[in-house]
Amino acid sequence: MTTVHHRYATVAGQELFYREAGPADAPVVVLLHGFPTSSFMFRHLVPLLADRYHVLAPDHLGFGLSDAPAADEFGYTFDALANLTAGLLDQLGVNRFAMYVQDYGAPVGWRLALDRPDAVTAVISQNGNGYEVGLAEEFWRPVRAYWDRRTPETEAALRQAMTLEAIRWQYLHGVPDQSLVSPDTWYHDFAMVSRPGNDRVQLELLADYVSNMPLYPRLHAYLRDSRVPLLAVWGRNDEIFCPEGALAFADDAPHAEISLLDGGHFLLESHLDTVASTVGQFLDRIHL
């Protein structure tokens, strides 16, 4: 049975929680989670990859068991989350790594790759968007309104994303057999985002998501120029980041491997074995 360690590190004055497993001298795979969850989403995947890889799964600041300073005490941006992640990797002596990105983990990972392109050995995107075409119109309409004008009305619409029902929807929508998804997931995430002051943290990050759009052309150039091995394994029924976002990777990375599965946004909850097998075979093929 694989041993998973649960650790903390202080980076730039902030305590970050991370899960770690696998041989210390094995190639590193970094797992970057999305909203509204944490490294908890990787609790089952970590041991499945750790038989032959050194796996690290941090909680972003403001999520999970990492520190969550108030929004008026820390500037929550995707640049800031990426800088903290880079600082954690530096502290752990990690200078080469494959990355698995999902949801918010994608813009964090894109910044890591653009800042240190030679460090990234492979990219696995599991419903981790890098293209405007991947933004499902209905879901992102109220977010775009918030980008345009931060008013009580536009804020109220986004606060709905932090309700128990909305988080439950993220886990269950598009999943053919919903009994495969443990209710622990949405109750866990709802408890985390319901902590005092965390609503403001999430609103700041939703507001900053617009900063990812100007990054996309740089990301696409990076994919073309670096020819980094890329796997997109995607829940094709996701109505947050639609499957067109997965297919678009082939425009800039013709060698990309794209696998669309009959699932939703949190694919690991319903298709863990398939995703783990697909990811493991991909990493084995490219000889990290």
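To be clear, the structure that these remarks concern was listed above.
Residues and numbers for the packing of aromatic side chains, please.
For any pair of aromatic rings, geometry is given as the distance between the ring centres together with the angle between the planes. What the rule picks out here adds up to 19 aromatic pairs. Consider the rings of F78 and Y209, whose centres lie 5.6 Å apart with planes at 85°: the pair is edge-to-face. One end of the pair, F78, is in helix 2 (residues 78–91); the other, Y209, is in the loop between helix 8 (198–208) and helix 9 (216–226), and 131 residues separate them in sequence. Under the relative-accessibility criterion, F78 is labelled buried at 0%.

How would you summarise unusual backbone geometry if you had to cite specific residues and measurements?
Cis geometry is adopted by the peptide bond preceding P36, which originates at F35 and carries an omega value of 0°. One can find P36 in the loop between strand 3 (28–32) and helix 1 (45–49). The backbone of D103 shows a phi angle near 55°, a positive value even though the residue is not glycine. On the secondary structure map, D103 appears in the loop between strand 5 (97–101) and helix 3 (105–115).

How would you summarise the sheet that holds strand 8 (residues 257–261) if you had to cite specific residues and measurements?
The sheet built from eight strands is open, its strands ordered 1-2-4-3-5-6-7-8 with mixed pairing. Edge positions in the open sheet fall to strand 1 (4–11) and strand 8, since each of these has one partner strand only. Neighbour-to-neighbour, the strand axes of the sheet open up by a mean angle of 20°, direction not taken into account. The pairing of strand 5 with strand 6 (residues 120–125) spans five bridges and is classified as parallel. For F97, the partnering residue across the bridge sits in strand 6 and is V120. Packed onto the sheet, helix 12 (residues 272–286) meets strand 3, strand 5, strand 6, strand 7 (230–235) and strand 8 and runs at close to 155° relative to strand 6.

I'd love a proper account of the environment of R116, names of residues and values included.
Positionally, R116 belongs in the loop between helix 3 and strand 6. Distance from R116 to R96, taken between C-alpha atoms, is 9.4 Å for residues 20 residues apart in sequence. If we ignore the near neighbours within four places in the chain, the residues touching R116 are A86, D90, V94 and F97. At 3.2 Å, the side chain of R116 and the side chain of D90 are in polar contact.

Cut-offs and rules
Residues numbered from 1 in each chain as written. Predicted model: local features only at pLDDT ≥ 70, side-chain atom pairs only at ≥ 80, totals over all residues. Heavy atoms only, no water. Phe/Tyr/Trp six-rings, centres within 6.5 Å; stacked < 30°, edge-to-face > 60°. Helix = DSSP H or I, 4+ residues; strand = E, 2+ residues; numbered from the N terminus. Buried < 20%, exposed > 50% of the residue type's maximum accessible area, 1.4 Å probe, protein only. Pairing = 2+ DSSP bridges. Axes fitted to C-alpha atoms, helices over the stretch in contact; angles between N-to-C directions. Contact = heavy atoms within 4.5 Å. Polar contact = N/O pair within 3.5 Å; in protein donor to acceptor, adjacent residues only side chain to side chain.

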